[in-house]
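Spelled out, the chains give:
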Amino acid sequence: MNLIRRLLAGAGAVLVLATAGCTTARPDHTSDRSSGHAAHQYTYTKAQQAAIVAQAAAPVRGSEFRADCFSSHRRGDDPIVFPGQAGRSHIHEFYGNRTANASSTLQSLAAGTTNCSPQTDLSSYWTPTLYQNGVPVAPERVTVYYQGITDPTRAVAHPRGLRYVVGNALATGPEQNPAARWSCVGRTESGRDFLNCPPGTKLENYLDFPTCWDGKNLDSPNHRDHMAYAAGPTCPASHPVPVPRLELLITWPVNGGGLSLAGTRNGTNVIDAPGYTFHGDFFNAWDEGELRRRVADCVNAGYVCGTDGHPIQQ
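Figured I'd write up the structure that's included with this text.

Cut-off values and rules
Within each chain, residue numbers correspond to sequence positions counted from 1 in written order. For this predicted model, a pLDDT threshold of at least 70 governs which residues receive local features, and a threshold of 80 or more governs which side-chain atom pairs are given and counted, while totals over whole chains, interfaces and linings are taken from all residues. Side-chain numbers come from the whole structure's heavy atoms, not from hydrogens or water. Put simply, a disulfide is two cysteine sulfurs that come within 2.5 Å. Only runs of H or I of at least four residues qualify as helices and only runs of E of at least two qualify as strands under DSSP, and these elements are numbered from the N terminus. Any residue under 20% of the maximum accessible area for its type is buried, any over 50% is exposed, and the rest in between are partly exposed; the area is computed with a 1.4 Å probe on protein chains only. Two rings belonging to Phe, Tyr or Trp (six-membered ring only in the last case) form a pair when the distance between their centres is within 6.5 Å. Interplanar angles under 30 degrees mark stacking, angles over 60 mark edge-to-face geometry, and anything in between is tilted. Being paired, for any two strands, means DSSP has found at least two bridges between them. Angular values range over 0 to 180 degrees, each being the angle between N-to-C directions of two axes fitted as lines to C-alpha atoms, with helices fitted over their stretch in contact.

All right, on to the state of the cysteines then. This model, assessed by the stated rule, comprises four disulfides. What pairs with Cys212 in a disulfide is Cys235, and their sulfur atoms sit 2.1 Å apart. Across the S-S bond linking Cys212 and Cys235, the dihedral sits near -90°, which makes this disulfide left-handed. You can see Cys212 sitting in strand S13 (residues 212-213) and its partner Cys235 sitting in the loop between strand S14 (227-229) and strand S15 (241-242), a full 23 residues away along the chain. Considered together, Cys212 and Cys235 belong to a single accessibility category, that of buried residues. Here Cys298 connects covalently by a disulfide to Cys305, the sulfurs 2.2 Å from one another. Residues Cys298 and Cys305 are joined through a disulfide that is left-handed, its torsion about the S-S bond being -105°. We note that Cys298, like Cys305, is buried. Going through the protein chain in sequence order and numbering each bonded cysteine, the pairs you get are 1-2, 3-4, 5-6, 7-8.

If you walk through the whole model with that rule in mind, you get eleven aromatic pairs. A centroid spacing of 5.8 Å and a plane angle of 90° characterise the contact between Tyr146 and Trp286, whose relative ring orientation is edge-to-face. One end of the pair, Tyr146, is in strand S8 (residues 141-147); the other, Trp286, is in the loop between strand S19 (279-283) and helix H4 (288-300), and 140 residues separate them in sequence. No difference in accessibility class separates Tyr146 from Trp286, as the two residues are buried. With 5.5 Å between their ring centres and 35° between their planes, Trp182 and Trp252 make a pair best called tilted.

Overall, antiparallel pairing links the four strands, which are arranged S7-S6-S17-S18 in an open sheet. For this open sheet the edge positions go to strand S7 (135-137) and strand S18 (268-273), each flanked by a neighbour on one side alone. With strand direction ignored, the average angle separating the axes of adjacent strands in the sheet is 40°. Two elements, strand S6 (residues 130-132) and strand S17 (residues 259-265), share three bridges in a ladder whose sense is antiparallel. Residue pairing in the sheet places Leu130 in a bridge with Leu261 of S17.

Each regular strand shows side chains that alternate between the opposite faces of the sheet. Taking burial as the measure, the six residues of strand S12 (residues 203-208) include six buried ones, the bulk of the element. Where burial is concerned, the two faces of S12 agree: the one with Leu203, Asn205 and Leu207 and the one with Glu204, Tyr206 and Asp208 are both buried. In this sheet, S12 lies alongside strand S10 (residues 180-184) in antiparallel orientation, the contact comprising five bridges. Note that in S12 the partner of Cys184 across the bridge is Leu203. Bridge analysis of S12 against strand S16 (residues 245-252) gives six bridges, and the strand direction is antiparallel.

The next point concerns the pairing of strand S9 (residues 163-167). Most of S9 is tucked away: four of the five residues are buried. Sheet analysis places S9 next to S19, joined by five bridges and oriented antiparallel. Residue pairing across strands places Val165 opposite Asp281, the latter belonging to S19.

Written out as structure tokens, the structure reads:
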């Protein structure tokens, strides 16, 4: 888990405020209808990129807990960007809550089931589906870290129903998407585009979410302005509430080339998008009391906890 942080530690980035950004999709990949997808495009400024890189390089000093999840299903849906519009999105891989679809609400997720451990995490997480030589590949594991990166002793649990996106689905180059990092299990190399992992290794991706909330809104028109990356060790006045950072560590049982992502190009959904368009979504449906306990006992108290929410090292 510390590999990416070690590699980025020398980046020399200055911590500056950065608002979380993502662009997401539209109809199923065989359609060519106009989507209006460009309205969701987001390009990180250099200042925002520096903040994300610096935060990714920051060590987590004994302040985290996690959920271990698996791919649940695959759909051309996006409950955040295209709510109620089944099939409008490019293809996403959904993790955790088995009921997630275009019409998902907090109430429907709370009534569903999950393949995450712990079972009290009924949240839905989703990212674009990975393809190798045109064939979809499900991840073999998704570890969701909740980390005390920003002001950990004051961090609070994400409110139920909070939802936001991160990444840049319409990036035209690796420099436009600093939130995602590709690497190979057991190797030191990393990059913003796909790596050709050698035999005996597996492809993996680290996707980092923001750590500051505005304290008011569960969503925003572009699904990112209510969240921000921290400018230094504390949250900015515009987003004063620190929350644990989500970091998705996704591992696929593949190596070699022929890799692509589901995505959108010129208003049409495709399955040959480059690696630097990787992005992700989070819809919080944790059991409220259990999430608060884990934030208090692990993040605030400064312990590394396992999926049971109890310290595994002190």
